[in-house]
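Spelled out from the first residue to the last, the chains are:
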Amino acid sequence: MEDLKQYFPMIRERKEVLTEIHGKKRLSELFASWTKEQQEEFLDICTGAKGPRMLYDAFFKEVMNPESAPERLNEFLSLILRTQVKIHTVLPNDSTRIADESSLLITDIVVELKDKSLANVEVQKIGYKFPGERSACYSADLLLRQYKRVRSKKRKKFSYRDIKSVYTIILFETSQQEFHKYPHTYIHRFEQKSDTGIEIELLQKYVFIPIDIFKETQQNKGITGKLDAWLMFFSADAPGEIEKLIKAYPQFKPMYEEAYEMCRNMEEIMGLFSKELRELDRNTVQLMIDEMQEELEQKREEIEYTKDELEQKREEVEHTKEELEQKKEELEQKREELEKKREELNQQKSRADRLEERERQKSEQLEEALRRIRELEGQQA
């Protein structure tokens, strides 16, 4: 296994780290509150068995601090936005987050660039549900903040031309299912365009970077460029990958040194690691809540659909019942008509029988009269 200590001599031995932890009651109790897996992850980071997770809030904000080392974020943003940018100001992140969602972000940095456009850089350990909808809401909020600030400063001289683009850049350590439909793409850029070709500046732009997909695409591949190097820096924790990175791009070595210097302050790094675990737990809980809400909404829609189907079936049954009742009435009417016809036929038959009987009687009387006439004729002869 590659030994990172040859590059970073400040890395401590496992025994030294454990001795300091168990030598202080508060640290020992905090360490004991973690799971075995969490303890091992912490020890691996501090002893160089694994590289520091640069997307952890503490490491990211220290290494990518736009106030103390603006050139780093400048370069990363320039590569992402594919244009040269320079951070002018770091803005307070007072953006309104719905339902305390700001607590679920690992990192959220808002900066103003030299051309007055804004960039909001977020790191999400577990990607939110509905990434597009959420990002659009926060982008709109950031745009409104800019509008209020600029209008307040310019007053009567204000023009909408003074409002500059707002970039929302999100790095997902674990991305949503939507991104996995594109398993070979790890940078997605969005901006609004017309379907007619007319060019009107619409200010909201987005860049989504699923780091987990980047890691999958980079297996058994070399670093092909500066942007890939940055994404490798954010995602790599294997010593071999870190060694390849700092050999190809030595500029990243000082950043790792800063992270390992942080690891030497045991009280601080344990507190930061514990906070990271709490945020991850909250993020996981929120993800579960989102999934449950989505499932409940789906069930509600299914119930509504079933209810509509049942209502439709009920209406169909009622309609069929009405048709059957109508048919029944028609049949009853037909039966009555047939009964009436039969009675009329019976009456006609009775009259015919009586007429036939009278005719028979007349015939018999005629026969009797003829017989008597023949007898009389015979006597006279």
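Throughout what follows, the structure given in this document is the object of discussion. (Residues numbered from 1 in each chain as written. Predicted model: local features only at pLDDT ≥ 70, side-chain atom pairs only at ≥ 80, totals over all residues. Heavy atoms only, no water.)

Observations regarding the overall build of the protein chain
Here comes step 1: The helix and strand inventory of the protein chain stands at 11 helices and 6 strands.
Here comes step 2: Over its C-alpha atoms the protein chain spans a radius of gyration of 45 Å, topping by over 25% the 21 Å that the globule rule assigns to 381 residues.
Here comes step 3: With the principal axes as the frame, the protein chain shows a C-alpha extent of 170 × 65 × 40 Å.
Here comes step 4: For the protein chain, the proportion of its 381 residues judged to be buried stands at 39%.
Here comes step 5: Pairs at least 24 apart in sequence give 67% of the contacts found in the protein chain among residues at least 6 apart.
Here comes step 6: A total accessible area of about 24,300 Å² is found for the protein chain, and carbon and sulfur atoms account for 51% of it.
Here comes step 7: Across the protein chain, the 67 positively charged side chains and the 79 negatively charged ones have centroids separated by 5 Å. (Helix = DSSP H or I, 4+ residues; strand = E, 2+ residues; numbered from the N terminus. Rg over C-alpha atoms; globule rule 2.2 N^0.38 Å. Buried < 20%, exposed > 50% of the residue type's maximum accessible area, 1.4 Å probe, protein only. Contact = heavy atoms within 4.5 Å. Areas by Shrake-Rupley, 256 points an atom, 1.4 Å probe, with all protein chains shown as cover. Lys, Arg positive; Asp, Glu negative; His and termini not counted. Charge placed at Lys NZ, Arg CZ, Asp CG, Glu CD.)

Remarks on the nonpolar core
Here comes step 1: Counting 75 residues, the largest nonpolar core has F42 and F76 as its most contacted members.
Here comes step 2: With 7 residues, helix α8 (residues 226–235) is the largest single contributor of residues to this core.
Here comes step 3: Contacts of F42, omitting those with residues within four sequence positions, involve I21, F31, W34, M266, I269, M270 and F273.
Here comes step 4: Listed in part, the 10 residues of the second largest apolar core include V110, L118, V150 and I163. (Core = buried A, V, L, I, M, F, W, Y, C linked by side-chain atoms within 4.5 Å.)

Quick look at unusual backbone geometry
Here comes step 1: Its identity as a non-glycine residue notwithstanding, R82 has a phi of 60°, on the positive side.
Here comes step 2: Mapping R82 onto the fold places it in the loop between α5 (70–81) and β1 (87–91).
Here comes step 3: Of note in this structure, R155 is not a glycine but carries a positive phi near 55°.
Here comes step 4: Relative to the helices and strands, R155 resides in the loop between α6 (131–154) and β4 (166–174).

Points about the pairing of strand β6 (residues 204–210)
Here comes step 1: Among the 7 residues in β6, 7 count as buried, and that is most of the element.
Here comes step 2: By the alternation rule, side chains of β6 split into Q204, Y206, F208 and P210 and K205, V207 and I209, which are all buried.
Here comes step 3: Looking at chain direction, β4 and β6 are connected through 7 bridges and run parallel. Within the sheet, the bridge partner assigned to I170 lies in β6 and is F208.
Here comes step 4: Where strand β5 (residues 188–191) and β6 come together, 4 bridges link them in antiparallel fashion. By the bridge assignment for β6, E191 is matched with K205. (Pairing = 2+ DSSP bridges.)

Some thoughts on the packing of α5 against α8
Here comes step 1: Their axes nearest at 10 Å, the elements α5 and α8 cross at an angle of 120°. Considering the angle they form, α5 stands oblique to α8. Judged by the sense of rotation from one axis to the other, the crossing of α5 with α8 is left-handed. Touching R72, E75, F76, L79 and I80 of α5 are K226, L227, W230, L231 and F234, all from α8. (Axes fitted to C-alpha atoms, helices over the stretch in contact; angles between N-to-C directions. Parallel < 35°, antiparallel > 145°, perpendicular 65-115°, else oblique. Left-handed = near helix turned anticlockwise from the far one by under 90°.)

So, helix α3 (residues 36–47)
Here comes step 1: Taking 1.5 Å per residue, 12 residues should reach 16 Å; α3 reaches 16 Å between its end C-alpha atoms and fits that length.
Here comes step 2: Those residues of α3 not exposed but buried are Q39, E41, F42, L43, D44, I45 and C46. (Expected span 1.5 Å × (residues − 1).)

Here we look at the packing of helix α1 (residues 14–22) against α3
Here comes step 1: One way to put it is that α1 packs onto α3 with a least axis distance of 9 Å and a crossing angle of 120°. Relative to α3, α1 is oriented oblique. Like other packed secondary-structure pairs, α1 and α3 cross with a definite hand, here right-handed. Of the residues in α3, those in contact with R14, V17, L18 and I21 of α1 are E40, F42, L43, C46 and T47.
Here comes step 2: Grouping the amino acids of the contact of α1 with α3 by side-chain chemistry returns 6 nonpolar, 1 polar and 2 charged. (Nonpolar A, V, L, I, M, F, W, Y, C, P; charged D, E, K, R; others polar.)

Remarks on α5
Here comes step 1: Between its terminal C-alpha atoms α5 stretches 16 Å, which fits the 16 Å expected from 12 residues at 1.5 Å a residue.
Here comes step 2: Listed in full, the buried residues belonging to α5 are R72, L73, N74, F76, L77, S78, I80 and L81.
Here comes step 3: Downstream of α5 by one or two residues, R82 has phi in the positive range, about 60°.

A few points about the pattern of salt bridges
Any two side chains of opposite charge can pair, on the condition that their charged atoms come close.
Here comes step 1: This structure, assessed with the given rule, holds 23 salt bridges.
Here comes step 2: The partner of K5 in a salt bridge is E13, with the nearest N and O atoms 2.8 Å apart.
Here comes step 3: E41 serves as the salt-bridge partner of R53, at 3.2 Å between the closest nitrogen and oxygen. With R53 in the loop between α3 and α4 (57–63) and E41 in helix α3, the pair connects residues that are 12 residues apart, well separated along the chain.
Here comes step 4: Given a relative accessible area of 24%, R53 falls into the partly exposed group.
Here comes step 5: A single salt-bridge network, built from bridges that share partners, covers R12, E16 and E20. (Salt bridge = Lys/Arg side-chain N within 4 Å of Asp/Glu carboxyl O.)

Considerations on a nonpolar patch on the surface
Here comes step 1: Together, I198, I200 and L202 make up an exposed nonpolar region whose accessible area comes to about 300 Å².
Here comes step 2: Mapping I200 onto the fold places it in the loop between β5 and β6. (Patch = residues over 30% accessible without salt bridge, like charges linked within 9 Å, V, L, I, M, F, W, Y side chains within 5 Å.)

Digging into the packing of aromatic side chains
Here comes step 1: Taken as a whole and assessed by the stated rule, the structure comprises 27 aromatic pairs.
Here comes step 2: Measuring from ring centre to ring centre gives 5.9 Å for W230 and F233, while their planes differ by 90°; the resulting arrangement is edge-to-face. In this pair, W230 and F233 both sit in helix α8, 3 residues apart, roughly one turn of the helix.
Here comes step 3: You can call W230 buried: its relative accessible area is 0%. (Phe/Tyr/Trp six-rings, centres within 6.5 Å; stacked < 30°, edge-to-face > 60°.)

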